[in-house]
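Listed here are the chains, written in short residue letters.
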Amino acid sequence: MRRSPCHAPHRKDHCRQVALVTGGSRGIGAAIAKRLAADGASVVVTYSKGADAAAFVIKEIERDGGKAVAIQADAADADAVRNAVDKTVTTLGRSTCW
């Protein structure tokens, strides 16, 4: 697997990683969101119904020094996902690492 330029130690400071994790309010999605934040990414977690669970994940990420926001979006609704992506870019900017 090819690694992005951001994985090179000398390039990390020049990368801004932004991740959108659908279903990031619980279970595997929450674990992925926390790991990405721990690795330095700004994270958006989406949730369809669990606003309290999403808020808890955000608080945990922020407590550990990360940056995260929650957006309500049903992953089965294409328009909601598009809106979540637009809000992610507006709120946290675009990722400069691929």
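Computed from a predicted structure; not experimentally measured.

## Let's talk about the overall build of the protein
Of the regular secondary structure elements, the protein holds 3 helices and 3 strands. Per-residue burial for the protein yields a buried fraction of 34% across its 98 residues. In the protein, once contacts between residues fewer than 6 apart in sequence are set aside, the share between residues at least 24 apart is 57%. Summing over all exposed atoms, the protein offers an accessible surface of approximately 6600 Å²; the carbon and sulfur share of this is 51%.

## Considering the confidence of the model for the protein
Overall, the predicted model of the protein reaches an average pLDDT of 85, with 82% of residues at or above 70. Counting contacts from residues 1-5, a segment whose pLDDT is below 50, to residues more than four positions away or on other chains yields 3 contacts. Counting interchain partners and residues more than four positions distant, the pLDDT-below-50 stretch residues 7-11 has 1 contact.

## A few points about the sheet that holds strand β1 (residues 18-21)
Ordered by their spatial adjacency, 3 strands build an open sheet running β1-β2-β3, and the pairing between neighbours is parallel. On the outer flanks of this sheet lie β1 and β3 (68-72), each paired with one strand and no other. On average, each strand axis in the sheet is inclined to that of its neighbour by 20 degrees, with strand direction left out of account. Of the strand pairs in this sheet, β1 and strand β2 (residues 42-47) are connected by 4 bridges, and their pairing is parallel. When the bridges of β2 are listed, Val 18 appears paired with Ser 42.

## With respect to the nonpolar core
In this structure, Ala 33, Val 43, Val 45, Val 57, Ile 61 and Ala 68 are the most contacted members of the largest nonpolar core, which totals 13 residues. When contributions to this core are tallied by element, the ones reaching two or more residues are α1 (27-38), β2 and α2 (51-63). Among the elements that take part in this core, α2 stands out by supplying 4 residues, more than any other. Non-local contacts of Val 57, meaning those with residues more than four positions away in its chain, are made with Gly 24, Ser 25, Ala 30, Lys 34 and Val 45. Listed in part, the 7 residues of the second largest apolar core include Val 44, Ile 71, Ala 84 and Leu 92.

## Observations regarding helix α3 (residues 78-92)
Taking 1.5 Å per residue as the helical rise, α3 with its 15 residues ought to reach 21 Å, and the 21 Å between its terminal C-alpha atoms agrees with that figure. Its buried side turned inward, α3 meets β1, β2 and β3. If you check the start of α3, you find a side-chain oxygen 3.0 Å away from the backbone N of Asp 79, and it comes from Asp 77. Following α3 by one or two positions, Gly 93 adopts a phi angle in the positive range, close to 85 degrees.

Rules behind the numbers
Residues numbered from 1 in each chain as written. Predicted model: local features only at pLDDT ≥ 70, side-chain atom pairs only at ≥ 80, totals over all residues. Heavy atoms only, no water. Helix = DSSP H or I, 4+ residues; strand = E, 2+ residues; numbered from the N terminus. Buried < 20%, exposed > 50% of the residue type's maximum accessible area, 1.4 Å probe, protein only. Contact = heavy atoms within 4.5 Å. Areas by Shrake-Rupley, 256 points an atom, 1.4 Å probe, with all protein chains shown as cover. pLDDT = per-residue confidence, 0-100. Pairing = 2+ DSSP bridges. Axes fitted to C-alpha atoms, helices over the stretch in contact; angles between N-to-C directions. Core = buried A, V, L, I, M, F, W, Y, C linked by side-chain atoms within 4.5 Å. Expected span 1.5 Å × (residues − 1). Polar contact = N/O pair within 3.5 Å; in protein donor to acceptor, adjacent residues only side chain to side chain.

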